[in-house]
Amino acid sequence: MFEKEVYIRRRQKLQASVKSGILLFLGNSEVGFNYPSNTYRYRQDSSFLYFFGLDEPDLATIIDVESGEEIIFGNDVDIDDIIWMGPQPAMKDKASAVGIKKVLPFSELEKYIKSAANSARIVHYLPPYRDSNKIMLNSLFGIEFGKLKEKASVEFIKGVVALREIKEKCEIEELDIAANIGYAMHYTAMKMAKAGMVEQELVGIMEGISISSGTMPSFPIILSQNGETLHNHMHHQILTDGRLLVIDAGAENNAHYASDFTRTLPSGGKFTERQKEIYTIVATANNLAFSMIKPGISYRAVHLAAVRVLAQGLINIGLMKGNVDEAVAAGAHALFMPHGLGHQMGLDVHDMEDLGENNVGYDENYKRSAQFGLASLRMGKILKPGHVITVEPGCYFIPALIEKWEKEGINKEFINFGKLKDYYNFGGIRLEDDVLVTEKSCRLLGSKRLPITVEDVEKEMA
Ligand code: GLY
């Protein structure tokens, strides 16, 4: 937890950004995975952590933006809890550690909200994503489950996003720690991977590193020789010389900040000439994107510059054809990179995605495109100092997508479908780093960059 002044300051700024009413924050509760008391690892809601710091289940808070009153609703433990969990600080002491004076039992929340509603006060809430909180909101406000998201407060969402997206110094320190754990996960996998291992062995080693230095991976580890499947969580294959292994993984550190890196390794330690060709194109796109990141440029412009490198590279080796700018404008490159260049990152690996991707990555000046590929870009707006973003270009050969485009003649003037038949078993390549936008330019998060050149990767694996 940070100093209490950090939380007080954040709440004051949030209050100033919402005109009137009451802000309601629901923390997360425990979730059973096969019976109620055998729970998933507990994870507090990130906005709750950001404004209140308290990392435990069954809490709710309100901020009355007109009177300034702040209340935590939560229960003190009883003797049964103490027997199983040990002594716990009193709720009032926990509240005081984050600068809040008033504590009420959790059961008082309903009374408080109903009384606010009776006085015609506006109660703002954030879009819920956990079923228990949907049930709670439905019971507090009588809003149908299907309408809970659309009735969430846009003013509240915008206030939260404006604060959380600009990382403070204390947060950047945590993000650097998370990046260093992510580095250790990937570097160890790079050193250990060799033909004959099962993918699952590397997943276990990487996950173990994340748990021994932080809380867990920041999302389920993606690790597969079928890297053309963008989020592949099947880890049963034996590493085989001549194949490529995509590893997309990061850590959540003890303060719950995330990292997210991707490297693509030759399973047997040496890239083939064909793999080197595509790999070098993706690495060039990554480096170009990094060189462009600075305050004032839109991330959509950086994305478009990176995919232009991809399209030009594929034209050079004969897999695409025609004019590169026309190909990119038509979205032809998206056959090979159907996802966006990156997303914001912080307490969530896709930061604040629960608040709506467009509320986080877009604004009144930058609207999301509907074009295949560009539509998957989660961050399109102008970069500011304090933004943290991932840079993750890729190139994939997805047989089902290639066949669909060929059959339907999609972008046929830019794609050499005949030549692509030889690439059906290629897999995919993605190379991802985590970047902080600074006052004048940017820097990578973490102390060291994971090896990325063909030569460095092969050297580490040797
Ligand atoms: N690195 C996984 C993702 O961004 O979805």
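Residues numbered from 1 in each chain as written. Predicted model: local features only at pLDDT ≥ 70, side-chain atom pairs only at ≥ 80, totals over all residues. Heavy atoms only, no water.

Trainee: How do you make sense of a nonpolar patch on the surface when you look at a structure like this?
Mentor: Taken together, Ile-79, Ile-82, Ile-83, Trp-84 and Met-85 make up a surface patch of nonpolar side chains, about 630 Å² in accessible area. For Trp-84, the position within the fold is in helix 3 (residues 79-85). For Trp-84, a relative accessible area of 78% puts it in the exposed group. (Patch = residues over 30% accessible without salt bridge, like charges linked within 9 Å, V, L, I, M, F, W, Y side chains within 5 Å. Areas by Shrake-Rupley, 256 points an atom, 1.4 Å probe, with all protein chains shown as cover. Salt bridge = Lys/Arg side-chain N within 4 Å of Asp/Glu carboxyl O. Helix = DSSP H or I, 4+ residues; strand = E, 2+ residues; numbered from the N terminus. Buried < 20%, exposed > 50% of the residue type's maximum accessible area, 1.4 Å probe, protein only.)

Trainee: What exactly am I supposed to notice about the sheet that holds strand 7 (residues 123-125) here?
Mentor: Where strands meet in a sheet, backbone hydrogen bonds hold them as pairs that are either parallel or antiparallel. Read across the open sheet, the five strands follow the order 6-5-4-1-7; overall the sheet is mixed. The sheet terminates laterally at strand 6 (102-104) and strand 7, the two strands that pair on one side only. The average undirected angle you get between the axes of adjacent strands in this sheet is 25°. As defined by bridge partners, strand 1 (residues 22-26) adjoins strand 7 across three bridges and the pair is classed as parallel. Counted as the bridge partner of Leu-23 is His-124 from strand 7. (Pairing = 2+ DSSP bridges. Axes fitted to C-alpha atoms, helices over the stretch in contact; angles between N-to-C directions.)

Trainee: Is there a simple way to explain the sheet that holds strand 12 (residues 261-266) in this structure?
Mentor: Strand order in the open sheet formed by three strands is 9-10-12, with antiparallel pairing between adjacent strands. At either margin of the open sheet sits one strand with a lone partner, and together these are strand 9 (222-224) and strand 12. Going from strand to strand, the sheet's axes swing by 10° on average, the running direction of each strand aside. Taken together, the six bridges between strand 10 (residues 244-249) and strand 12 define a ladder with antiparallel strand orientation. Residue pairing for strand 12: Val-246 is matched across the bridge by Thr-264. In this fold helix 9 (residues 199-213) packs onto strand 9 and strand 10, with an angle of close to 155° to the strand it touches most, strand 9. (Contact = heavy atoms within 4.5 Å.)

Trainee: Got a minute to help me understand empty space enclosed by the protein in this structure?
Mentor: Gaps left between atoms show up when a probe the size of a water molecule is rolled over them. Counted according to the given criterion, the structure contains five cavities of 30 Å³ or more. The volume enclosed by the largest cavity comes to roughly 160 Å³. For the lining of the largest cavity, the element with the highest residue contribution is strand 1, accounting for three residues. Considered class by class, the residues forming the lining of the largest cavity number ten nonpolar, three polar and two charged. (1 Å grid on protein atoms, 1.4 Å probe; cavity = no way out; pocket = protein on both sides within 12 Å on 5 of 7 lines; lining within 4 Å. Points joined across faces, edges and corners; volume = space filled by probe spheres on them. Nonpolar A, V, L, I, M, F, W, Y, C, P; charged D, E, K, R; others polar.)

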